[in-house]
There are 2 protein chains.
Amino acid sequence: MADTRIVSSHDVLPEPTLSRLPWYLAYVSLLKVRRVAYVSSTAIARGIHLDASMVAKDLSFVNVRGKTRIGYEVVELERELRSFLGFDRQHNAVIAGVGSLGAALIADSGLQRYGLDIVAGFDVERSIIGTIISGVPVFDITQAAEVRADMQAEIGVIAVPVEQAQAVADTLIDAGVSALWNFTPCRLLAPENIVIQNTSIYAHLAVMYNRINANNPDLTR
Amino acid sequence: MADTRIVSSHDVLPEPTLSRLPWYLAYVSLLKVRRVAYVSSTAIARGIHLDASMVAKDLSFVNVRGKTRIGYEVVELERELRSFLGFDRQHNAVIAGVGSLGAALIADSGLQRYGLDIVAGFDVERSIIGTIISGVPVFDITQAAEVRADMQAEIGVIAVPVEQAQAVADTLIDAGVSALWNFTPCRLLAPENIVIQNTSIYAHLAVMYNRINANNPDLTR
């Protein structure tokens, strides 16, 4: 069946394509602000320095058709990209760990613009439980199941210290989330039907430090 | 010359290896807390569900030697991994854009534990310039060059709205940073000697939404 299905946003696209689509969205949003009416895949490719045929192929996954010689309607392409990427739908999330990173994620209004609504927080720290952080109530992690169900949250964000990451992941999965957004450097184990998205900003730091050293071998050590 | 050089942390390692090293560090730190004295690469691999030969190969880049049948000394391996990853050295950074995400990054004390010290912020918003956010002074972006030099910051963090990202990147490069940590979904252009690390948490959101839809095709649309 999978073979004959028409490509839709339900299919798992190649991750590189998916990761590039937000670049196109960012560029097209810019054009929209500048009141540009049409844009070709070639112009997008030139604007963000990518290969034109790759951009055209990536955009072929999105439900929008360009006109020969004119290209895509900017307003339509922007709307379809936002929709395709799921940024125009609200996804409720709970967050475990409302320490410095957790509180920061709650406070980041950018996430809401990209469709992520953090509706509740969990912690083990007695002094924080019962408080409200940037409008988000904080509960005891033992209440995870009822709060998640009440709030209809499908995503669990993990921002706890690394040594608690797996236990908290297990708790959130038992509580019924279908996806985990993991900000810890812990490799989480989960059943196959649970989506795991790792965003290890500290691993990115390590990669950046290493490249800086490679560029400036005399600066360190 | 590159061919005969002994591998050191100055070399650009394969990025997948580099990205996995923080996982090993997280696991080894856990063992240290639990007062485990020795660990083998096989045990690490088992602990975080990776292939044992890959873990052994990855660890061969790090300046630490295991003992036959006993493995690595946990305390030494943790220290060497932290050092190798640059987490034990202070890297000064300035941040452009102290809105919700920027302020969140400044407030995240986790970054400091991983060697990143945000020493100054820049913004264009008159009401924010001259204030102090979580101990970090905020300057007018036009003062970028002198502030960066004063503070000896080598890294510029970009947390501005996407449409200002390239202009701000250019300003920070002119101001003398050698690396940009880009949190916007904009593809930045920079001279080759400038390190660019992209951390597009919103692109990760898109990937996660797509996978959730693929797992639950009946839930949406």
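This one's a predicted model, so the numbers in the text were calculated from it and none came from an experiment.

Thresholds, definitions, all that
Residues numbered from 1 in each chain as written. Chains lettered and ligands numbered in written order. Predicted model: local features only at pLDDT ≥ 70, side-chain atom pairs only at ≥ 80, totals over all residues. Heavy atoms only, no water. Salt bridge = Lys/Arg side-chain N within 4 Å of Asp/Glu carboxyl O. Helix = DSSP H or I, 4+ residues; strand = E, 2+ residues; numbered from the N terminus. Buried < 20%, exposed > 50% of the residue type's maximum accessible area, 1.4 Å probe, protein only. Pairing = 2+ DSSP bridges. Contact = heavy atoms within 4.5 Å. Axes fitted to C-alpha atoms, helices over the stretch in contact; angles between N-to-C directions. Polar contact = N/O pair within 3.5 Å; in protein donor to acceptor, adjacent residues only side chain to side chain. Nonpolar A, V, L, I, M, F, W, Y, C, P; charged D, E, K, R; others polar. Left-handed = near helix turned anticlockwise from the far one by under 90°. Phe/Tyr/Trp six-rings, centres within 6.5 Å; stacked < 30°, edge-to-face > 60°. Parallel < 35°, antiparallel > 145°, perpendicular 65-115°, else oblique. UniProt positions renumbered as here; feature names shortened; annotations may be inferred.

Draft legend 1. Region of interest: the pattern of salt bridges. All names here are of chain A. All chains considered together, the criterion is met by 10 salt bridges over all chains. Ionic pairing is found between Glu78 and Lys32, a salt bridge with its closest N-O pair at 3.2 Å. With Glu78 in helix α4 (residues 74–84) and Lys32 in helix α1 (residues 15–33), this residue pair connects regions lying 46 residues apart in the sequence. Accessibility expressed as a relative area gives 11% for Glu78, which makes it buried. Since its relative accessible area comes to 38%, Lys32 is described here as partly exposed.

Draft legend 2. Seen up close, the sheet that holds strand β3 (residues 91–96) of chain B. Strand order in the open sheet formed by seven strands is β5-β6-β4-β3-β7-β8-β9 (chain B), and the pairing between neighbours is mixed. What marks the edges here is a single partner per strand, and that holds for β5 (132–133) and β9 (195–198) of chain B. In this sheet, β9(B) lies alongside strand β8 (residues 179–182) of chain B in parallel orientation, the contact comprising four bridges. Looking at β9(B), one finds that Asn182(B) is bridged to Asn198(B). This element, helix α9 (residues 201–215) of chain A, spans β3, β4 (116–123), β7 (155–158), β8 and β9 of chain B of the sheet and lies at about 170° to β9(B). Set on the sheet, helix α8 (residues 165–175) of chain B makes contact with β3, β4, β7 and β8 of chain B; between it and β7(B) the angle comes to about 165°.

Draft legend 3. Local environment of the interface of chain B and chain A. Each partner contributes to the interface: chain B provides 71 residues, whereas chain A provides 70 residues. At the junction of chain B and chain A, the tally comes to two salt bridges. For the salt bridge of Arg211(A) with Glu15(B), the shortest nitrogen-to-oxygen distance reads 2.6 Å. Linking chain B with chain A are 18 residue pairs in polar contact (both at pLDDT 80 or more). Contributing elements (two or more residues each) for the side of chain B that touches chain A: α1 (15–33), α4 (74–84), α5 (100–107), α6 (110–113), β8, β9 and α9 (201–215) of chain B. The dominant element in the side of chain B that touches chain A, judged by the number of residues it contributes, is α9(B), at 15 residues. Across the side of chain B that touches chain A, the residue classes tally to 39 nonpolar, 22 polar and 10 charged.

Draft legend 4. Spatial organisation of the side chain of Asn92(A). Residues and elements named next belong to chain A. Note that Asn92 resides in strand β3 (residues 91–96). Only 2.8 Å separates the side chain of Asn92 from the side chain of Gln90, close enough to count as a polar contact. At 3.0 Å, the side chain of Asn92 forms a polar contact with the backbone oxygen of Met151. Setting aside its immediate chain neighbours within four residues, Asn92 contacts Asp117, Val119, Met151, Gln152, Ala153, Glu154 and Ile155.

Draft legend 5. Broad picture of the packing of α1(A) against α4(A). Residues and elements named next belong to chain A. Between α1 and α4, the shortest axis-to-axis distance is 9 Å and the interhelical angle comes to 145°. Note on packing geometry: the crossing formed by α1 with α4 is left-handed. Here α1 contributes Leu21, Tyr24, Leu25, Val28, Ser29, Leu31 and Lys32 to the contact with α4, which in turn contributes Val74, Val75, Leu77, Glu78, Leu81, Arg82 and Phe84. Split by residue class, the contact of α1 with α4 holds 10 nonpolar, one polar and three charged.

Draft legend 6. Structural detail: the packing of aromatic side chains. On inspection of all chains with the given rule, the structure shows 10 aromatic pairs over all chains. Residues Trp181(A) and Phe183(A) carry aromatic rings whose centres are separated by 4.7 Å and whose planes lie at 50° to one another, so their mutual orientation is tilted. With relative accessibility at 0%, the residue Trp181(A) sits in the buried group. Measuring from centroid to centroid gives 6.4 Å for Phe122(B) and Phe139(B), while their planes differ by 50°, and the two rings are tilted. Of the two residues, Phe122(B) is situated in strand β4 and Phe139(B) in strand β6 (residues 136–140); the sequence distance between them amounts to 17 residues.

Draft legend 7. Summary view of the side chain of Ser178(A). When you line up the elements, Ser178(A) lands in the loop between α8 (165–175) and β8 (179–182). Owing to a relative accessible area of 18%, Ser178(A) belongs among the buried residues under this scheme. In this structure Ser178(A) touches Glu154(A), Asn193(A), Ile194(A), Val195(A), Ile212(B) and Asn216(B), once residues within four positions along its chain are discounted.

Draft legend 8. Broad picture of the packing of α1(A) against helix α3 (residues 52–59) of chain A. All names here are of chain A. Packing of α1 against α3 leaves a shortest axis separation of 10 Å and a crossing angle of 100°. As summarised for this structure, α1 and α3 are arranged roughly perpendicular, according to the angle between their axes. For the pair α1 and α3, the contacting residues are Thr17, Arg20, Leu21 and Tyr24 in the first and Met54, Val55, Asp58 and Leu59 in the second. When the residues that make up the contact of α1 with α3 are grouped by side-chain class, the tally is five nonpolar, one polar and two charged.

Draft legend 9. Structural view of the UniProt feature "binding site: NAD(+)" (unreviewed entry) in chain A. Residues and elements named next belong to chain A. Sites flagged by UniProt as "binding site: NAD(+)" (unreviewed entry) map to Gly97, Val98, Gly99, Ser100, Leu101 and Gly102. With residues near it in sequence (within four places) discarded, Val98 still touches Ala103, Ile106, Gly121, Phe122, Asp123, Ile128, Ile133 and Val138. With respect to the helices, strands and loops of the structure, Gly99 is situated in the loop between β3 and α5 (100–107). Look at Gly99 and you get partly exposed, because its relative accessible area is 37%.

Draft legend 10. Region of the structure containing the sheet that holds strand β4 (residues 116–123) of chain A. The seven strands lie next to each other as β5-β6-β4-β3-β7-β8-β9 (chain A), forming an open sheet whose pairing is mixed. Edge positions in the open sheet fall to β5 (132–133) and β9 (195–198) of chain A, since each of these has one partner strand only. Most of the contacts of α5(A) go to β3(A), to which it runs at about 160°, and overall it touches β3, β4, β5, β6 (136–140) and β7 (155–158) of chain A. Contacts from α9(B) reach β3, β4, β7, β8 and β9 of chain A within the one sheet, and its direction differs from that of β9(A) by about 170°.

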